[in-house]
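Here are the chains, one letter per residue:
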Amino acid sequence: MDNKIVTQVIREVRRSLKIWDITRAVSNTNDEIQTRINLINPLFDILGYDAYDIIHEYIVDIEGNKGRKVDMAITLGRKNPIVLIECKGATNALTLHNLMQGKDYSCYTKSVKIGILTNGLVFDFYTKDTSKSVGLHTKPFFSFNLEEYTGADLEMLALFHRRLIDTKVIEEKANEIYFLDNFDEALYTTLKMPKSGQKPSEGNKKLIEIIFRNMGGKRYTDSVLSELLPLVNSMS
């Protein structure tokens, strides 16, 4: 990816967002149709897409329910979409139930690599969870808020610009983010000690043994485990 083009795209997107009167757009938006017209479509205009790149009300067939309509699909002028977009009204919070629709659509549309769930103000970006074959991940790897964003957010958003979009690059970036998110969960699970009356797991025992060895201990026994467990619990 050409860094000069990336820098230019980021600059253009920043400039366009700055002159866009988002407050006025929001104040004139009350339902999903107005949300698409006033907020969602303008953002994709800023990202360089035209009428030939996006299909509205794209038809997908899912198991047991043919002819379902997805709000928007990015096809880049080709037959099969690479991104599906589920739109909600600006006055609605994005929920897991909303995401479930996108998960179903993505699961049965093999060409799709990315799913976007948006209410026009917040844009949540997902990739497919290839480890489970269940459609999209349940957690976005990137979330862009029209009303509050950073320079880092613009750098990520630029990857979705018409001039730069490459699903392989985006998937690689998303996988890195998901992997690091898994670290937090794995660390919590590893450090989490059993409550009073519960038996420690093998992982708990090994962690406490490491602490015991670092304390200079020689013989690790159940008695030592019982003594150290409350101390670790008091700090976790």
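Here the structure is shown first, and the text comes after it.
This is a predicted model, so every value here is computed, not measured.

Draft legend 1. Structural context of the pairing of strand β5 (residues 122-127). Within β5, 5 of the 6 residues are buried, which leaves it mostly tucked inside the rest of the structure. Inspection of the sheet shows strand β4 (residues 114-118) paired to β5 by 5 bridges, in the antiparallel sense. If you follow Leu117 over to β5, its bridge partner there is Asp124. Adjacent in sequence and paired antiparallel, β4 and β5 are bridged by 3 residues, among which Gly120 carries a positive phi angle near 90 degrees. Sheet topology note: the β5/strand β6 (residues 142-145) ladder contains 4 bridges and is antiparallel. Paired with Phe125 across the strands is Phe142, a residue of β6.

Draft legend 2. Just helix α3 (residues 32-46), in detail. Across its 15 residues, α3 extends 20 Å between first and last C-alpha, which sits within 8% of the 21 Å expected from 1.5 Å per residue. The largest bend along α3 reaches roughly 30 degrees and is located at Ile40, with the proline Pro42 sitting one to four residues downstream. Where α3 starts, the residue carrying a side-chain oxygen 3.3 Å from the main-chain nitrogen of Ile33 turns out to be Asp31.

Draft legend 3. A look at the side chain of Asp124. Of note, Asp124 is situated in strand β5. We note that Asp124 is buried and unpaired, the nearest opposite charge coming from Lys139 at a distance of 11 Å. In this structure the side chain of Asp124 is engaged in a polar contact, spanning 2.6 Å, whose partner is the side chain of Ser143. Setting aside anything within four residues of it in sequence, one finds Asp124 in contact with Leu94, Gly115, Ile116, Leu117, Pro140, Phe142 and Ser143.

Draft legend 4. Representation of the packing of aromatic side chains within the structure. Going through the model one piece at a time under the given rule, you end up with 9 aromatic pairs. With a centroid separation of 5.9 Å and an interplanar angle of 65 degrees, the aromatic rings of Phe44 and Tyr49 are classed as edge-to-face. Since its relative accessible area comes to 5%, Phe44 is described here as buried. Here Tyr49 falls in the buried class, since its relative accessible area comes to 6%.

Calculation notes
- Within each chain, residue numbers correspond to sequence positions counted from 1 in written order.
- Thresholds applied to this predicted model are a pLDDT of at least 70 for local features of residues and 80 or more for the giving and counting of side-chain atom pairs; totals over whole chains, interfaces and linings are not thresholded and use all residues.
- To get the side-chain values, all heavy atoms of the structure are used, and hydrogens and water are removed first.
- Here the term buried applies to any residue with accessible area under 20% of the maximum for its type, exposed to any over 50%, and partly exposed to those in between, with areas from a 1.4 Å probe on protein chains only.
- Each helix is a run of DSSP H or I of at least 4 residues and each strand a run of E of at least 2, with the numbering of both proceeding from the N terminus.
- Paired strands, as defined in this entry, are two strands with at least two bridges between them according to DSSP.
- Working rule for helices: expected span equals 1.5 Å times residues minus one.
- One fitted axis covers the seven residues ending at a residue, a second covers the seven starting there, and the bend at that residue is the angle between these axes.
- Polar contacts, as counted here, are pairs of nitrogen or oxygen atoms within 3.5 Å of one another; within protein the pair requires one atom able to donate a hydrogen and one able to accept it, and residues that are adjacent in sequence qualify only if both atoms are side-chain atoms.
- Positive residues here are Lys and Arg, negative ones are Asp and Glu, while His and the chain termini are left out of the count.
- The term salt bridge refers to a side-chain nitrogen of Lys or Arg lying within 4 Å of a carboxyl oxygen of Asp or Glu.
- Here, two residues are considered to be in contact whenever any of their heavy atoms come within 4.5 Å of each other.
- Any Phe, Tyr or Trp ring, taking Trp's six-membered ring, that has another such ring centre within 6.5 Å forms a pair; planes under 30 degrees apart are called stacked, those over 60 apart edge-to-face, and the others tilted.

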